[in-house]
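Structural overview for review
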Amino acid sequence: MKATRNRHIVHSTLAAALLLSASAQAQISGINVGTSSASIQFDDTNSTVPPAGTTNVTQSTGPWAGVPTFALSVLPDPITADFATGDITATFAGSNYMVALNNIQLSQVNATAGFALLVFQFTVEYTLASALPLQATLFPNFLISGTVGTGGGSLAAMTGSIDYYDVTNASYSFGLLDTVNYNYLNLIPGPFVNAPVNGVPVNGFTPLIPVGSNLTLVGNFTFKVDPSSLSGQSYAAPEPSVCILALAAGLPLLLRRRRA
């Protein structure tokens, strides 16, 4: 019986090692500049002192290679003094990929009614040098800080989604492989610090993507304050190889315990 259990452990670990090896060999070769783009919008026209704010600015980049970082650069609204900042970047290494939203700030300073919005949108098409194996869906998580106003109806909120496509994959409707959703709403007056906003994937994995196909991420994030302020920063969720490495590292100890 011990031998059978040991063989099962060895076989499981070998399978994990093979998956890790395949992941290490898979390479994202770049970002398709011609089809990749990003935009950041600051909309203050629904914020009123009164009168209403006048700023509704969308700054866009495209073609876009993911780096250097694309940032919003706009003055505070001349009526309300509300302001917003933020930047976005897309990177890759081996079989890993990531789109990051950083230095997020949105503040409704003096308004007594209405709300202010900061909206990020992007499309990033990753090209492959070799097949990308089945692996966990990679996505950013967020930490959000700020202050919710004391007036009735005050809030700080974030919603968003990232869709993952391989348009050549007929097994998935429209080539949509996975969707990661985000939702955060704070109605409690006063300051808050490093509230976690984690992505929630529908499937949690992307299937094998062969050479000749590309992995495309399409994202849309909206930050909203009424009247409140928030700041935020994204960070990468744990890489899928972490669990595999932990399993491989723990195998010798586990086998010694089994033999004992």
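Residues numbered from 1 in each chain as written. Predicted model: local features only at pLDDT ≥ 70, side-chain atom pairs only at ≥ 80, totals over all residues. Heavy atoms only, no water.

What follows concerns the nonpolar core. If you look at the biggest cluster of nonpolar residues, it comprises 49 residues, and the most contacted ones within it are Leu101, Phe122, Phe142, Phe221 and Phe223. Ranked by residues supplied to this core, first place goes to strand E9 (residues 116–128) with seven residues. Residues within four places of Phe142 in sequence aside, it is in contact with Leu101, Ile104, Met158, Tyr182, Ala195, Pro196, Val197, Phe221, Phe223, Gln233, Ser234 and Tyr235. (Core = buried A, V, L, I, M, F, W, Y, C linked by side-chain atoms within 4.5 Å. Buried < 20%, exposed > 50% of the residue type's maximum accessible area, 1.4 Å probe, protein only. Helix = DSSP H or I, 4+ residues; strand = E, 2+ residues; numbered from the N terminus. Contact = heavy atoms within 4.5 Å.)

What follows is about the confidence of the model for the chain. Averaged over the chain, the pLDDT score is 86; the fraction of residues at 70 or greater is 81%. Low pLDDT, under 50, characterises residues 2–23; the stretch is placed with 24 contacts to residues that sit more than four places away or in other chains. (pLDDT = per-residue confidence, 0-100.)

For the structure shown, the criterion picks out 10 aromatic pairs. Ring geometry for Phe142 and Phe223: centres 6.5 Å apart, planes at 65°, overall edge-to-face. Here Phe223 lies in strand E17 (residues 214–226) and Phe142 lies in strand E11 (residues 140–148), a separation of 81 residues in the sequence. For Phe223, a relative accessible area of 0% corresponds to the buried category. Here a set of aromatic residues connected by ring pairs shows up, and it is made of Phe120, Phe122, Phe142, Tyr182, Phe221 and Phe223. Just above the ring of Phe115 sits the side chain of Lys224; from NZ or CZ to the centre is 4.4 Å. (Phe/Tyr/Trp six-rings, centres within 6.5 Å; stacked < 30°, edge-to-face > 60°. Lys NZ or Arg CZ within 6 Å of the ring centre and 35° of its normal.)

The next point concerns the environment of Asn46. Topologically, Asn46 is positioned in the loop between strand E2 (37–43) and strand E3 (47–48). The exposure class assigned to Asn46 is partly exposed, which follows from its relative accessible area of 34%. The spacing of Asn46 and Gly114 is 68 residues in sequence and 5.3 Å in space, taken between C-alpha atoms. Not counting residues within four places of it along the chain, the set of residues in contact with Asn46 comprises Ala113, Gly114 and Phe115.

Bringing unusual backbone geometry into the picture now. Cis geometry is found at the peptide bond from Val49 to Pro50, where omega equals -5°. Mapped onto the fold, Pro50 is located in the loop between E3 and strand E4 (56–61). Of the consecutive residues Gly62 and Pro63, the connecting peptide bond is found in the cis state with omega at 0°. Mapping Pro63 onto the fold places it in the loop between E4 and strand E5 (70–71). Its identity is not glycine, yet Phe174 carries a phi of approximately 60°, on the positive side. Residue position: Phe174 is located in the loop between strand E12 (155–165) and strand E13 (176–186). By relative accessible area, which is 75% here, Phe174 ends up exposed.

Here Thr216 shows up in strand E17. Taking C-alpha positions, Thr216 is 9.5 Å from Ile31, a pair spaced 185 residues apart along the chain. The contacts of Thr216, once residues within four sequence positions are left out, are Thr123, Val124, Glu125, Asp163, Tyr164 and Tyr165.

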